Structures are given as structure tokens and as C-alpha cells.
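# Topology and contacts: notes
Below are the chains, spelled out letter by letter.
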Amino acid sequence: MSGSQKADPRPLSPHLQVWRFHATMAASITHRITGVGLYGGTLLVAAWLIALASGPKSYATVEDIAFSIPGQILLFLWAVAVLYHFANGIRHLLWDGPGLGFSPKVASQVSLFNYAFAVVGAVALFLAATMA
């Protein structure tokens, strides 16, 4: 390469300054974050299975961690992430398949429903687990 070329100072795509924040934007960001969180939760499930196979002492250690306050918070957040990612995945299937829910009003309502579904579902799971 001969000569110096300056980089184009313009952004390659619209950035946050261009877009007005809305529910579907938050849903997209949350979908990506929960997807990453699911990897961490899967590692925790793998650790639990390995401890289960390793014997009672290993299992008791993992059980103590899981039933501690930080462990319960992590399990709750993981349940929220699983349920949110599941509901948002169905939304994407409806968008990609029959093309339903593209109007801004419906898309925003479905995004808010997904948040509510995730939190209420995780609370219901934890209530069911504590009553059993």
C-alpha cells in the first residue's frame, strides 16, 4: 500500500444517538445478554451434574452453594434468563415465519409481555420449588 489513507470519520451504521429508545430495542439487548447468561447457567448445571456423579461430599458442597443467598439469586436470574430467552425466541419465530407482530405497537407490547412472563414465571418456579 502506498500513500496514506484517512479513515472515514462517519459511522458505518446508525448509532444510539440516531435511534429513540423503545421496548423492542431493550428486548433485543436483553435477548443478547440473556443468551450470554445462559452459557454461565449451563456451566453451573454442568458443575452440579459433575458433583452429583462425584459423590455425596461433592454434591453437598454444590448444594450448599446453590442454597446460599447468592446461589439463590443466581438461580433466580438464570430462571429469568431461560424464560425470557424462550419467550423472545418464540417472538422471533413468529417474525421470521408467518411475519406476525411487526407493527410497532404490537412489537412493543410483546416485548413487555416477554419481560413480565420471565419474571412472573421465575417467581412461580421458585414458589413451586419452596412449597414442594
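Residues numbered from 1 in each chain as written. Predicted model: local features only at pLDDT ≥ 70, side-chain atom pairs only at ≥ 80, totals over all residues. Heavy atoms only, no water.

### Topic: the nonpolar core
Note the threshold: What we call a nonpolar core is a set of buried Ala, Val, Leu, Ile, Met, Phe, Trp, Tyr and Cys residues that are connected through their side-chain atoms within 4.5 Å. Relative accessibility decides the category of a residue: with a 1.4 Å probe and only protein chains considered, values under 20% of the type maximum give buried, values over 50% give exposed, and everything between is partly exposed. To qualify as a helix, a DSSP run of H or I must reach at least 4 residues; to qualify as a strand, a run of E must reach at least 2; elements of each kind are numbered from the N terminus. In what follows, a contact means two residues having at least one pair of non-hydrogen atoms within 4.5 Å.
Residues A27, A79, V80, L83, Y84, A118 and A122 constitute the largest nonpolar core, which totals seven residues. When residues of this core are traced back to their parent elements, those giving at least two are helix 3 (69–96) and helix 4 (104–131). Every residue in contact with A122, bar those within four places of it in the chain, is listed here: F76, A79, V80 and L83.

### Focus on the layout of surface pockets
This is how it is decided: Whether a set of points on the 1 Å grid over the protein atoms alone is a cavity depends on a 1.4 Å probe fitting there but being unable to get out, while an open set qualifies as a pocket with protein on both sides within 12 Å along at least five of seven lines; lining residues are those with an atom within 4 Å of a point. Grid points are joined across faces, edges and corners, and a volume is the space filled by probe spheres set on the points.
By volume, the largest pocket amounts to about 680 Å³. For the largest pocket, the lining is made up of 23 residues, of which A66, F67, G71, Q72 and L75 are closest to its centre. Where the lining of the largest pocket is concerned, the elements lending two or more residues are helix 1 (23–54), helix 2 (56–66), helix 3 and helix 4. Broken down by element, the lining of the largest pocket gets its largest block of residues, eight residues, from helix 3.

### Examining the environment of P98
Residue placement: P98 occurs in the loop between helix 3 and helix 4. Sequence separation of P98 and V110 is twelve residues, and the distance between their C-alpha atoms is 16 Å.

### Regarding the confidence of the model for the chain
Detailed reading of the predicted coordinates is not advisable wherever pLDDT is low. Operational definition: Each residue gets a pLDDT score, which is the predictor's confidence in that residue and runs from 0 to 100.
Considering every residue of the chain, the mean pLDDT works out to 90; 92% of them sit at 70 or more. At the low end of the mean pLDDT range in the chain sits helix 1, at 94; at the high end sits helix 4, at 96.

### What about the packing of helix 1 against helix 2?
Put simply, the test is: To get an axis, fit a line to the C-alpha atoms, keeping to the stretch in contact for a helix; angles then go from 0 to 180 degrees between the N-to-C directions. Handedness of each helix crossing follows the sense of rotation of the near helix against the far helix: counterclockwise by less than a right angle gives left-handed, clockwise gives right-handed. Each residue gets one label: Ala, Val, Leu, Ile, Met, Phe, Trp, Tyr, Cys and Pro are nonpolar, Asp, Glu, Lys and Arg are charged, and the others, such as Gly, are polar.
Closest axis-to-axis distance for the helix 1/helix 2 pair is 6 Å, and the angle between their directions is 150°. In terms of crossing hand, the pair formed by helix 1 and helix 2 is left-handed. Contact residues: A47, W48, A51, L52 and S54 in helix 1; S58, Y59 and V62 in helix 2. When its residues are assigned to classes, the contact of helix 1 with helix 2 shows six nonpolar, two polar and no charged.

### Re the side chain of N88
The line we're drawing: Polar contacts here mean pairs of N or O atoms no more than 3.5 Å apart (in protein, one a potential hydrogen donor and the other a potential acceptor; neighbouring residues in sequence count only if both atoms are side-chain atoms).
Turning to its location among the elements, N88 is positioned in helix 3. Residue N88 is classed as buried on the basis of its relative accessible area, which comes to 0%. Here the side chain of N88 touches R91 through a polar contact of 2.9 Å, side chain to side chain. Other than its neighbours up to four places away in sequence, N88 contacts A27, H31 and N114.

### Focus: the packing of helix 1 against helix 4
For any two helices packed against each other, one specifies the inter-axial angle together with the distance between the axes. Applicable threshold: Every angle not falling under 35 degrees, over 145, or within 65 to 115 is termed oblique; those three ranges are roughly parallel, roughly antiparallel and roughly perpendicular.
In contact at an axis separation of 8 Å, helix 1 and helix 4 are set at 45° when each is read in the N-to-C sense. Compared by their axis directions, helix 1 and helix 4 come out oblique. In this structure, the crossing between helix 1 and helix 4 has a hand that is left-handed. Along the contact surface, helix 1 presents A23, T24, A26, A27 and T30, while helix 4 presents A107, S108, S111, L112 and Y115. By residue class, the composition of the contact of helix 1 with helix 4 is six nonpolar, four polar and no charged.

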